[in-house]
Amino acid sequence: MTYWDREKECMPREELEKLQLRRLKETVYRVYAFVPAYKEKMDQVGIKPYDINSLDDLQKLPFTTKQDLRDNYPFGMFALPMSEVVRVHSSSGTTGKPTVVGYSRRDIDIWAELMARALTSAGANRHSIIQNSYGYGLFTGGLGVHYGAEKLGASVIPTSGGNTKRQIMLMQDFGTTVLTCTPSYALYLAEVMEEMGISPAELKLQCGVFGAEPWSENMRREIENKLRIDAYDIYGLSEIIGPGVAIECPVKQGLHIAEDHFIAEIIDPETGETLPEGSMGELVITTITKEALPMIRYRTRDLTKLDRSVCECGRTHVRMQKVLGRSDDMVIIRGVNVFPSMVESVLLDIPGVEPHYLLVVDRKGNLDILEVRVEVSEKIFSDEVRKLEELGATITKELESALGISVKVRLVEPKSIERSEGKSKRVIDRRKI
Ligand code: DLL
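As the structure is a computational prediction, the values presented were derived from the model and not from experiment.

1. A word on the domain arrangement of the protein chain
Consideration 1: Examined at the domain level, the protein chain breaks down into domain 1 (1-326) and domain 2 (331-429).
Consideration 2: For domain 1 and domain 2, the distance between their C-alpha centroids amounts to 32 Å.
Consideration 3: Counting residues at the interface gives 16 residues for domain 1 and 14 residues for domain 2.
Consideration 4: Here domain 1 and domain 2 share zero salt bridges between them.
Consideration 5: Listed by contribution, the elements that provide at least two residues to the side of domain 1 that touches domain 2 are α8 (183-195) and α9 (217-227).
Consideration 6: For the side of domain 1 that touches domain 2, the element with the highest residue contribution is α8, accounting for four residues.
Consideration 7: Here the side of domain 1 that touches domain 2 is built from residues that sort into five nonpolar, seven polar and four charged.

See the structure below:
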């Protein structure tokens, strides 16, 4: 078994927990002193930093949510002055105010370290040629993997996403051995490769590190067969650090969460209660080394379960099961986070559109398709076809510019979308992942 840093990855549990507690205490003191939003929340429940004396005491601290980041947009939750912040990223949510995250120089170093650890776990090394097809930019995927690949000493090809035929040409010409991108893009690459008459046997690809969206074991099998590689799941979120929060090892029985930097809990998404080990629930993460943007009990909304038994690979860090889905309504389409509320706010700005709509997500071939069904007013519906077509085109344009992805709009008859007495269902996800 190859490790990036055996000492840290295989640290005995007792020692690991001591380290976590020391780092947790430091973090809580720091946020209380430097982030007014945290101080306010802690004061409200009457908790002071000196009340945190064991890992169990973590449960006394209030949760942090995406809303807290929005309320303090853009830099209000930062625990360092901007002069100490060397990088800013934001969550892939695409409309309204994004969630902004910041990094100190040390945060960037730790992130690169975690990504080097993750790539090593998936079998990469300094001889690897890593084609990084995660998007570069505000999204954490591109630069996160990039810095990790460089730290590892591998040769990184920063292709970013898209331009699929060229990606394949480079893969052939440069002898790419490791592919990093979303799992759906990996499948799409395989499909285009087939269309181009290129067999994976002609390539040097050995493994892939795929994440940023949920994917099943079936999807893994598809990718592994089609590309003839070993496919690994990588998990992360901008608010915590980006990709590299957790990574699979060759045993592939869950993703190891880097517990020397993060503390994981599972809660009941309804009640907020901490659940016993092994229960399915919402993953909550506390960062214990982040400087610029420490997160205390951040509610990820991702559903999974934890397993603290020592893995066959020798790593002691807790394993999270592959993410099942999200506890809220967010859908991830081609790696982009889409909330029904974003669609709603765009629709309701357009005259003639009723506040009744439905997102239907499907997968055609290997590409995610978002269809937005929109009810139009009686008046418009009985109008001439040309008017309807114009409205459809306007909605498509507005939605596409707000969401940053292509959308298929279907105008439907008044009252044809199911009404609900409780929470309405805004999303039908037909993807069989
Ligand atoms: O997606 C970071 C990332 C980049 C992870 C590249 C892995 C690879 P965000 O854009 O902030 O960050 O989106 C975070 O994506 O809360 C999950 O819902 C989902 N997600 C990320 N990785 C996985 C995964 C990046 N392996 C949100 N399985 C998270 C399932 C994932 N869902």
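2. Considering the packing of helix α10 (residues 340-347) against helix α12 (residues 385-403)
Consideration 1: One can describe the packing of α10 onto α12 by two numbers: an axis separation of 10 Å at closest approach and a directional angle of 135°. Considering their axes alone, α10 and α12 lie oblique with respect to each other. The way α10 lies across α12 gives a crossing that is right-handed. Along its contact with α10, which presents Met342, Val343, Val346 and Leu347, the element α12 presents Ile395, Glu398, Leu399, Ala402 and Leu403.
Consideration 2: Residues that form the contact of α10 with α12 fall into these classes: eight nonpolar, no polar and one charged.

3. Let's talk about the sheet that holds strand β4 (residues 155-157)
In any sheet, the strands associate via hydrogen bonds between backbone groups, in a parallel or an antiparallel arrangement.
Consideration 1: A sheet is described by the order of its strands in space; here nine strands give the open sequence β4-β3-β5-β6-β7-β8-β9-β14-β13, paired in mixed fashion. The two strands at the open ends of the sheet, each matched to only one other strand, are β4 and β13 (306-307).
Consideration 2: Pairing geometry for β13 and strand β14 (residues 319-320), over two bridges, is antiparallel. Directly across from Leu306, in β14, lies its bridge partner Met320.
Consideration 3: Of the strands in this sheet, β3 (129-132), β5 (178-181), β6 (207-211), β7 (230-237) and β8 (242-248) are in contact with helix α5 (residues 105-121), which crosses β8 at around 30°.

Analysis parameters
Residues numbered from 1 in each chain as written. Predicted model: local features only at pLDDT ≥ 70, side-chain atom pairs only at ≥ 80, totals over all residues. Heavy atoms only, no water. Domains from an automatic or database assignment. Contact = heavy atoms within 4.5 Å. Salt bridge = Lys/Arg side-chain N within 4 Å of Asp/Glu carboxyl O. Helix = DSSP H or I, 4+ residues; strand = E, 2+ residues; numbered from the N terminus. Nonpolar A, V, L, I, M, F, W, Y, C, P; charged D, E, K, R; others polar. Axes fitted to C-alpha atoms, helices over the stretch in contact; angles between N-to-C directions. Parallel < 35°, antiparallel > 145°, perpendicular 65-115°, else oblique. Left-handed = near helix turned anticlockwise from the far one by under 90°. Pairing = 2+ DSSP bridges.

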